[in-house]
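Structural overview
Chain by chain, the residues:
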Amino acid sequence: MNQYLLNGKLTAKPGHQEALAAILLQASELVASAKGCRLYVIGQNPDDPHSVYITEIWDSKEDHDQSLKVEGVRELITQAMPLLDGPPAKGQELELIGGAGI
């Protein structure tokens, strides 16, 4: 299968989790039709009021990397950066084996 799976966690400054999640949801709309995008979902943990979680599945890492060039994505990244409590940590990159729904 060799699809690319990325799990990420972004930590927002106090009081900015909802705004950060809203920006990421906008990003999901932009990349939904990008080549190779299979999944781009945003989540939160009720026990962690400052973090937003992202799970992405792509046909390849190259498709993921190209999604950063989709019109409007860089602008959303620029909007999100001031909301973060420090630089974003590198997400966990995995090779997808399979599972329900894929």
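Check the entry above for the structure.
Right, let's walk through the structure included here. (Residues numbered from 1 in each chain as written. Predicted model: local features only at pLDDT ≥ 70, side-chain atom pairs only at ≥ 80, totals over all residues. Heavy atoms only, no water.)

**Focus on the packing of helix α1 (residues 17-31) against helix α3 (residues 73-80)**
Between α1 and α3, the shortest axis-to-axis distance is 10 Å and the interhelical angle comes to 170°. In terms of orientation, α1 lies roughly antiparallel with respect to α3. Touching Leu 20, Ile 23, Gln 26, Ala 27, Leu 30 and Val 31 of α1 are Val 73, Leu 76, Gln 79 and Ala 80, all from α3. Residues that form the contact of α1 with α3 fall into these classes: eight nonpolar, two polar and no charged. (Axes fitted to C-alpha atoms, helices over the stretch in contact; angles between N-to-C directions. Helix = DSSP H or I, 4+ residues; strand = E, 2+ residues; numbered from the N terminus. Parallel < 35°, antiparallel > 145°, perpendicular 65-115°, else oblique. Contact = heavy atoms within 4.5 Å. Nonpolar A, V, L, I, M, F, W, Y, C, P; charged D, E, K, R; others polar.)

**A few points about α1**
The first and last C-alpha atoms of α1 sit 21 Å apart over 15 residues, in line with the 21 Å expected at 1.5 Å per residue. By the burial criterion, the buried members of α1 are Gln 17, Leu 20, Ala 21, Ile 23, Leu 24, Ala 27, Ser 28 and Val 31. What you see down the axis of α1 is that its buried residues fit within an arc of 160°, all on one side. In α1, the exposed residues that point more than 90 degrees away from the buried face are Glu 18 and Glu 29. (Expected span 1.5 Å × (residues − 1). Buried < 20%, exposed > 50% of the residue type's maximum accessible area, 1.4 Å probe, protein only. Arc of directions from axis to C-beta.)

**Let's talk about the pairing of strand β3 (residues 48-58)**
Sheet topology places strand β1 (residues 3-11) next to β3; eight bridges connect them, and they run antiparallel. Looking across to β3, one finds that Asn 7 is bridged to Thr 55. One ladder, built from seven bridges, connects strand β2 (residues 37-45) with β3; its direction is antiparallel. Considered in β3, the bridge of Val 41 is made with Thr 55. The antiparallel hairpin formed by β2 and β3 contains two residues in its connecting segment. (Pairing = 2+ DSSP bridges.)

**Quick look at the sheet that holds β3**
A sheet is described by the order of its strands in space; here four strands give the open sequence β2-β3-β1-β4, paired in antiparallel fashion. In this open sheet, the two edge strands, each paired with only one partner strand, are β2 and β4 (92-96). When the angles between neighbouring strand axes are averaged without regard to direction, this sheet yields 15°. Together, β1, β2 and β3 form the strand contacts of α1, whose direction differs from that of β3 by roughly 10°.

**A closer look at the side chain of Ser 51**
Following the sequence through the fold, Ser 51 ends up in strand β3. Residue class for Ser 51 comes out buried when judged on its relative accessible area of 1%. In this structure the side chain of Ser 51 is engaged in a polar contact, spanning 2.8 Å, whose partner is the side chain of Asp 48. The residues contacting Ser 51, other than those within four sequence positions of it, are Lys 9, Leu 10, Thr 11, Gln 17 and Gln 44. (Polar contact = N/O pair within 3.5 Å; in protein donor to acceptor, adjacent residues only side chain to side chain.)

**Describing α3**
If you check which residues of α3 are buried, you get Val 73, Leu 76 and Ala 80. Looking down the long axis of α3, one finds its buried residues gathered within 60° of arc, a one-sided arrangement. Exposed residues pointing more than 90 degrees away from the buried face of α3 are listed as Arg 74 and Thr 78. Of the surrounding elements, those touching the buried residues of α3 are α1 and α2 (61-67).

Geometry only, nothing functional implied.
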